[in-house]
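Descriptive structure summary
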Amino acid sequence: MNHNHQQSSDGRHDDDAALTDFLASLMDYTPTIPDELVEHYLAKSGFQCPDVRLIRLVAVATQKFVSEVANDALVQCKARQAAVVKDKREKQQKDKRLILTMEDLSKALREHGVNVKHQEYFADSPSTGMDPASRDE
Amino acid sequence: MSNGGGESGSKHEQSQGKRKSGGDDFAQAIAKIAVAQVCERVGFQTFQQSALGTLSEIAVRYIHHIGKTAHFYANLAGRTEVNAFDIFQGLEDLGSTQGFLGASDIDHCLTSSGVVRELIQYVNEVQEIPFAYSIPRFPVVKDRKLSSSFLQIGEEPPDEHIPAWLPAFPDPQTYLQLPTRNERETDSETEKIELGRQQRKMEMSMLNLQQQFSGSGPQGPSSVAHGDNPKDKQAAESNPFLSEPLHFEEKEVSSVAVPAKLSKEVASKTPVAENCGVVNHVSVLQTFAPAIEAMKNKLCDSEEEQEKVLMNQRPAVQFKIGLGKKSLSKPLKLGPQHRDVEMISPWFCKDFEKDEKKRRAEKILKDSMENTQELAQL
């Protein structure tokens, strides 16, 4: 692993150590995205590696990406709800729930370089997920 | 993640993948669950199905893209197997749109890359949430049992041109029987057709017989209206549809009633003859009388007979269509028609003959009468 670069300075040596530690820690870490799924899609892309750590590395990276996007969407969602609450106080109680909507998601994904344009005729108005009885997961 | 125009491309690729694998729904569903778990941890309570689907699809594409770029960098370095630095390089590529720490430094070491640091930080910070379900390894690859080759069996290939490493032939009886069975099948089919033909022939002959009976009987020809034959034109001229409707009584002229009248006439005539001449002559007249009557009747009938033919054609038009079709299809059906036409013409001939006969008989009669007169004179 370390043969690719030269260890000239202590800083780099620290980085190396951190990296090896990190990779070793991945052996015990179980990402939310299952190994099988990652392996399946990596195999589809021509990726060949028997090392579980690398697969988990990809899984962790993907998980990080997804959680970042979700965080951004959450921020968008909260901001929108705050605006709505200002406008209409009577809907305050209904809008308490945090819903991942296409509107917020597309905004969050745009920041990450993914241009999502969902069709306008989708029944994706903010009120779609409001019904707690039917929309509960 | 490619910027901008990747949207249409992604959809296209996805649809292609679905078409190819077909069993990718399972992986998609798992990706949805995983993404939903991540979203839940972030703080979302619910989500729209479309949003979740989109996000999981993008996550899958993210994995795919990492794999592709890592594979590319591994190949660029002359390796077939990917190592961690290829993945980091790929992550840097993917994160270049977002930007990361130390991206401006071109010659930076991958271990000190901002991407790696962020990743390490993330792993350390975030609570570990395993996937909700245990997943079997997929895709399930069936162990295909290959049929053993000639070499494995230890047989010799039947012909020289078949190499020994090819899979062995199945047992000869499994395929040697096949062509004969095929022939049998075809044979049975042809037999069926033959049977059908024979049945049709039988039906045709039966039909013809029926028609012959009906044609020879008082019922007229079965189907005269179709003028296939020039001889039929005669019948066509006497088209029952074009002809004027005949009155009931006209048709009903009975051949039985007429001779009675005539016989009366003859009977009334004979006394005159008796009065006129000798018993001999009367006997001659009487002997000839029935013949004359018959001839007269025939004469009358011959005219009536034509009408009768017309009349008889009427029921023929009402004949069942199915039978008519069948009789049309074969030239055999012309038989009864021909016969009828021929029947008509001999009738006329007979009538003429009978006319001549009658004339002769009358001549004889006249002669005899004259003779009687002469005898009387004598």
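**Details of the overall build of chain A**
From N to C terminus, chain A includes five helices and one strand. The buried share of chain A, taken over its 137 residues, is 33%. A fraction of 55% describes how many contacts in chain A between residues 6 or more apart in sequence connect residues 24 or more apart.

**Comments concerning the overall build of chain B**
Within chain B, the regular secondary structure consists of 13 helices and one strand. Listing the helices and strands of chain B from first to last along the sequence gives α-α-β-α-α-α-α-α-α-α-α-α-α-α. Relative to its full complement of 378 residues, chain B shows a buried share of 20%. Residue pairs in contact within chain B that sit at least 24 positions apart in sequence constitute 61% of those at least 6 positions apart.

**Brief notes about the nonpolar core**
Among soluble globular proteins, nonpolar side chains are generally buried collectively. Counting 63 residues, the largest nonpolar core has A:Val58, B:Val35 and B:Ile87 as the members making the most contacts within it. Other than its neighbours up to four places away in sequence, A:Val58 contacts A:Val38, A:Leu42, B:Ile63, B:Ile66 and B:Ile87.

**Quick word on the interface of chain B and chain A**
Taken together, the contact pairs 62 residues of chain B with 65 residues of chain A. Elements that contribute at least two residues to the side of chain B that touches chain A include exactly α1 (6–21), α2 (25–42), β1 (46–47), α3 (49–76), α4 (84–95) and α5 (114–125) of chain B. For the side of chain B that touches chain A, the leading source of residues is α3(B), giving 16 residues. As paired elements, strand β1 (residues 99–100) of chain A and β1(B) share two bridges and run parallel to each other. Residue pairing in the sheet places A:Leu100 in a bridge with B:Phe47 of β1(B).

**Some remarks on α2(B)**
All names here are of chain B. In this model, α2 (18 residues) spans 26 Å end to end at C-alpha, consistent with the 26 Å of a helix rising 1.5 Å per residue. Every buried residue of α2 is accounted for by Ala27, Ile30, Ala31, Ala34, Val35, Ala36, Val38 and Cys39. Directly beyond the C-terminal end of α2, a positive phi value near 140° is found at Gly43.

**Examining the packing of α3(B) against α4(B)**
Residues and elements named next belong to chain B. Viewed as axis vectors pointing N to C, α3 and α4 meet at an angle of 125°, and their least axial separation amounts to 8 Å. Taken together, the axis directions place α3 and α4 in an arrangement best described as oblique. The handedness of the crossing between α3 and α4 comes out as right-handed. Between α3 and α4, the residues in contact are His65, Ile66, Thr69, Ala70, Tyr73 and Ala74 and Asp86, Ile87, Gln89, Gly90, Leu91, Asp93 and Leu94, respectively.

**Considerations on α3(B)**
With 28 residues, α3(B) should reach 40 Å at 1.5 Å per residue; the first-to-last C-alpha distance of 40 Å fits that figure. At the exit of α3(B) stands B:Gly78, carrying a positive phi of roughly 85°.

**Side note on the confidence of the model for chain A**
Residues and elements named next belong to chain A. With 68% of its residues at a pLDDT of at least 70, chain A reaches an overall mean of 76. Across chain A, the element-wise mean pLDDT spans from 46 in helix α5 (residues 132–135) up to 90 in helix α2 (residues 35–44). The low-confidence segment residues 1–8, where pLDDT is below 50, has 10 contacts with residues more than four positions distant or belonging to other chains. Considering only residues more than four positions removed or in separate chains, one finds that residues 132–137, a stretch of pLDDT under 50, has five contacts.

**Considering the environment of A:Cys77**
Residue and element names in this part refer to chain A. By secondary structure assignment, the location of Cys77 is in helix α3 (residues 52–87). Taking the C-alpha atoms as reference points, Cys77 and Asp104, separated by 27 residues in sequence, lie 6.0 Å from one another. Discounting chain neighbours no more than four positions away, the residues touching Cys77 are Leu98, Ile99, Thr101 and Asp104.

**Points about the environment of A:Arg97**
When you line up the elements, A:Arg97 lands in the loop between α3 and β1. Distance in space between the C-alpha atoms of A:Arg97 and A:Gln81 is 9.5 Å, their sequence separation being 16 residues.

**A short note on the confidence of the model for chain B**
All names here are of chain B. A residue-level look at chain B finds 51% of positions with pLDDT of 70 or above and a mean pLDDT of 68. Mean pLDDT across the secondary structure elements of chain B bottoms out at α1, with 42, and peaks at α3, with 91. Low confidence marks residues 322–342, where pLDDT is under 50. Its contacts with residues over four positions away, or in another chain, come to 35 contacts.

**Some words on the environment of A:Asp72**
Residue and element names in this part refer to chain A. With respect to the secondary-structure elements, Asp72 resides in helix α3. What makes Asp72 partly exposed here is the crowd of 19 C-beta atoms within 10 Å. Taking the C-alpha atoms as reference points, Asp72 and Leu105, 33 residues apart in sequence, are found 8.0 Å from one another. With residues near it in sequence (within four places) discarded, Asp72 still touches Ala108 and Glu111.

Calculation criteria
- Residues numbered from 1 in each chain as written.
- Chains lettered and ligands numbered in written order.
- Predicted model: local features only at pLDDT ≥ 70, side-chain atom pairs only at ≥ 80, totals over all residues.
- Helix = DSSP H or I, 4+ residues; strand = E, 2+ residues; numbered from the N terminus.
- Buried ≥ 20, exposed ≤ 12 C-beta atoms within 10 Å, placed from the backbone.
- Contact = placed C-beta atoms within 7 Å.
- Core = buried A, V, L, I, M, F, W, Y, C linked by C-beta atoms within 7 Å.
- Pairing = 2+ DSSP bridges.
- Expected span 1.5 Å × (residues − 1).
- Axes fitted to C-alpha atoms, helices over the stretch in contact; angles between N-to-C directions.
- Parallel < 35°, antiparallel > 145°, perpendicular 65-115°, else oblique.
- Left-handed = near helix turned anticlockwise from the far one by under 90°.
- pLDDT = per-residue confidence, 0-100.

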